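# Tertiary structure, described
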Amino acid sequence: MLFGKYQIVIFREGRSGSRNMHIRGWVCALAIIFVLALLACNAWLWNEWLDDLKIKSELKNAQLVIDEQRHQTINLAGRITALSQDLERVQKFDSRLRLMMNMEKDAAEIGDSPGDFSRTYLPVHRQALAARKMQEFLDRLSEATKLEEVRQQDLLRTLRENRGILTSMPSIWPVTGFVSSSFGGRRSPFGMGSQFHKGLDISNRIGTPIVAPADGTVILSRPDGAYGNSVEINHGGGIITKYAHMQRATVKEGDWVKRGQVLGHIGMTGRTTGPHLHYEVRVNGVPVNPMRYILE
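Residues numbered from 1 in each chain as written. Predicted model: local features only at pLDDT ≥ 70, side-chain atom pairs only at ≥ 80, totals over all residues. Heavy atoms only, no water.

### Comments concerning the side chain of His-197
The following threshold applies: Put simply, DSSP marks the helices as runs of H or I at least four residues long and the strands as runs of E at least two long, and each gets a number from the N terminus on. Two N or O atoms form a polar contact when they lie within 3.5 Å of each other; inside protein one atom must be a possible hydrogen donor and the other a possible acceptor, and for residues adjacent in sequence the pair counts only when both atoms belong to side chains. Note on contacts: a residue pair is in contact if any heavy atoms of the two residues lie within 4.5 Å.
In this structure, His-197 sits in strand β5 (residues 194-197). Looking at His-197, its side chain comes within polar contact range of the main-chain oxygen of Ser-182, at 3.0 Å. When near neighbours in sequence (up to four residues on either side) are disregarded, His-197 contacts Ser-181, Ser-182, Phe-183, Gly-184, Arg-186 and His-278.

### Some words on the environment of Pro-170
Formally: Only protein chains enter the accessibility calculation, which uses a 1.4 Å probe; a residue is then buried when its area is under 20% of its type maximum, exposed when over 50%, and partly exposed in between.
Here Pro-170 lies in the loop between α3 (127-161) and β3 (178-181). Given the relative accessible area of 0%, Pro-170 is considered buried. Taking the C-alpha atoms as reference points, Pro-170 and Val-281, 111 residues apart in sequence, are found 8.2 Å from one another. Once residues lying within four places of it in the same chain are set aside, the contact partners of Pro-170 are Pro-213, Ala-214, Ile-239, Thr-241, Tyr-279, Val-281, Tyr-293 and Ile-294.

### What to know about the nonpolar core
The line we're drawing: Throughout, nonpolar core names a set of buried Ala, Val, Leu, Ile, Met, Phe, Trp, Tyr and Cys residues whose side chains join them through atoms within 4.5 Å.
With 21 residues, the main nonpolar core has Ile-210, Val-231, Ile-233, Tyr-243, Val-257, Leu-263 and Leu-277 as its most contacted residues. Secondary structure elements with two or more residues in this core: β6 (200-203), β9 (229-236), β10 (239-249), β12 (262-266) and β13 (276-283).

### Thoughts on the packing of aromatic side chains
Any pair of aromatic rings gets described here by the distance separating the centres and the angle formed by the planes. Formally: Aromatic pairing here means that ring centres of Phe, Tyr or Trp (its six-membered ring) are within 6.5 Å. Orientation follows from the plane angle: under 30 degrees is stacked, over 60 is edge-to-face, and everything else is tilted. Placement of a charge over a ring requires the Lys NZ or Arg CZ to be within 6 Å of the ring centre, with the centre-to-atom vector within 35 degrees of the ring normal.
Counted by the stated rule, this structure contains three aromatic pairs. Plain terms: the ring middles of Trp-46 and Trp-49 are 5.3 Å apart, the flat faces sit at 40 degrees to each other, and that makes the pair tilted. With a gap of three residues between them, Trp-46 and Trp-49 both fall in helix α1 (residues 25-100), about one helical turn apart. A residue is classified by how much of its surface remains accessible, and Trp-49, at 45% relative accessible area, is partly exposed. Seen from their ring centres, Phe-183 and Phe-196 are 5.2 Å apart, and the 85 degrees between their planes marks the pair as edge-to-face. Of this pair, Phe-183 sits in the loop between β3 and β4 (184-187) while Phe-196 sits in strand β5; the two residues are 13 residues apart in sequence, bridging distant segments of the chain. A relative accessible area of 51% places Phe-196 in the exposed class. Lying across the ring of Tyr-227, Lys-242 places its NZ or CZ 4.6 Å from the centre.

Below, the structure is given as structure tokens:
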């Protein structure tokens with residue numbers, strides 16, 4: 001029957017006559033199989049297209065979640081870095097206070113800082129790795145915080161036992177301006193080789209007020225050779241500060257001055273190349289770096 005021969009008669013509407021077509025059974029079978037295969041293919045492709053749309057939608061949603069997680073990770077890293085920087089700033093302030101109180105010989109004695117999280121641990125490209133690195137950094141930050149808390153308690157106890165010391169420590173800037181020459185070795189501004197600079201040169205306009213960085217007694221207020229118009233204050237504990245090249249002084253010898261009180265004004269008296277304040281701190285007669293005492 002499959003291989004039999006079939007005749008198809010086609011009648012034309014409105015016209016006489018007909019048309020006969022002969023076709024074998026296997027051709028019809030193949031046509032039917034082809035149509036069924038085509039329908040099955042279409043159904044499969046339709047199903048695949050729907051699955052593809054679903055996968056694309058899920059992928060898009062997953063990418064949005066990943067982007068949000070990455071954004072949260074970056075924000076958290078920024079907060080961790082800021083917290084680390086705050087701790088480092090507290091540690092430096094603590095160290096400076098300890099140097100002032102002669103509780104430490106070197107600022108390097110403070111505990112290790114956890115460092116900059118973004119520089120040490122980022123960029124990272126996997127969320128799991130980022131989370132692990134953050135946890136490691138937070139553990140280090142927690143340890144550093146606990147150590148700093150112990151150090152702060154020790155410092156607080158020392159400050160309570162020596163309440164009057166801080167008022168006599170030259171802990172603020174004596175004048176506004178910029179440091180044009182720092183403490184230590186330098187080339188002579190007068191072109192005569194190198195020299196040791198005993199203090200800080202702080203430049204600003206003539207007439208800028210100069211204030212006392214701590215309480216003390218004025219022991220000198222007069223012209224002092226190459227230093228020009230100068231003021232010296234004895235703060236007790238062997239600490240003396242000197243202010244040179246002043247335009248004029250507003251205090252006299254024997255005066256008791258308080259921190260923040262105006263001592264005079266920037267000038268160009270004595271041997272100088274421009275308007276500035278030469279500021280010295282001496283401990284038991286030995287010049288030391290004034291930055292050791294300034295709490296920035």
